[in-house]
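# Descriptive structure summary
Listed below, chain by chain, are the residues.
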Amino acid sequence: MRAAAAGLALPLLVAGCARPAAVTVCSGARIVARTDSEGGAFDGMSHSGTLVVLRNPGPAPCTLPGLPRLVFLDAADHELPVVRRPPVGMHPGPVVLPVRLEAGAAATTALRWVADPVYTRNACMKVAALRIAWPGGETTLPLAATICGPKGAAAGIAQSPLALAGEKTLSGSGSPGNR
């Protein structure tokens with residue numbers, strides 16, 4: 001009798017479990033992006049940077065990858081040779097999960113770079129815009145910055161994984177410079 005009762009209980013439990021609704025990837029049109037210098041918090045010792053804020057103003061949640069692709073553009077909309085450096089000690093790189101943005105929520109990523117000619121042979125570039133891209137979308141925002149690197153090589157930036165606004169994450173603050 002117990003086996004029969006147990007056999008009835010299992011289908012009832014399974015039938016009572018609701019499957020969570022699928023959350024779609026954020027489209028570029030659904031994301032509002034801005035930068036925040038945080039009052040100069042990124043500036044000093046030949047370095048600079050910015051906080052990038054990505055907000056979902058839409059009525060439904062969506063997801064973004066934890067490390068969206070960054071493309072730095074000059075005034076003529078040409079891609080500049082700038083690459084994301086993995087955080088120190090994380091090779092081949094960190095495993096970063098996607099971020100779920102509820103309606104009205106924001107996620108942030110901190111970007112840091114060398115802003116002065118500190119290399120023996122320098123290549124400094126004037127940035128006019130930043131394109132943030134991910135599978136399923138992209139957005140571009142103005143960004144006035146100077147990024148320097150060694151001549152003949154791509155300049156490096158440190159990029160922290162996206163985190164919901166107000167949450168702490170890996171800093172990615174290791175110097176993107178001489179490596």
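Being a predicted model, the structure only gives us computed values, none of them experimental.

Here the focus is the side chain of Ser160. Its place among the elements puts Ser160 in the loop between strand E11 (155-159) and strand E12 (163-164). There is a polar contact of 2.8 Å between the side chain of Ser160 and the backbone nitrogen of Ala110.

Throughout the structure, instances matching the rule amount to 2 disulfides. Between the sulfur atoms of Cys26 and its disulfide mate Cys62 the distance is 2.0 Å. Across the S-S bond linking Cys26 and Cys62, the dihedral sits near 90 degrees, which makes this disulfide right-handed. Here Cys26 is found in the loop between strand E1 (24-25) and strand E2 (32-36), whereas its partner Cys62 is found in strand E4 (residues 62-64), with 36 residues between them in sequence. Here Cys26 and Cys62 have matching classes, each one buried. Cysteines bonded in the protein chain are numbered consecutively along the chain; their disulfide partners then correspond to 1-2, 3-4.

What counts, and at which threshold
Residues numbered from 1 in each chain as written. Predicted model: local features only at pLDDT ≥ 70, side-chain atom pairs only at ≥ 80, totals over all residues. Heavy atoms only, no water. Helix = DSSP H or I, 4+ residues; strand = E, 2+ residues; numbered from the N terminus. Polar contact = N/O pair within 3.5 Å; in protein donor to acceptor, adjacent residues only side chain to side chain. Disulfide = S-S within 2.5 Å. Buried < 20%, exposed > 50% of the residue type's maximum accessible area, 1.4 Å probe, protein only.

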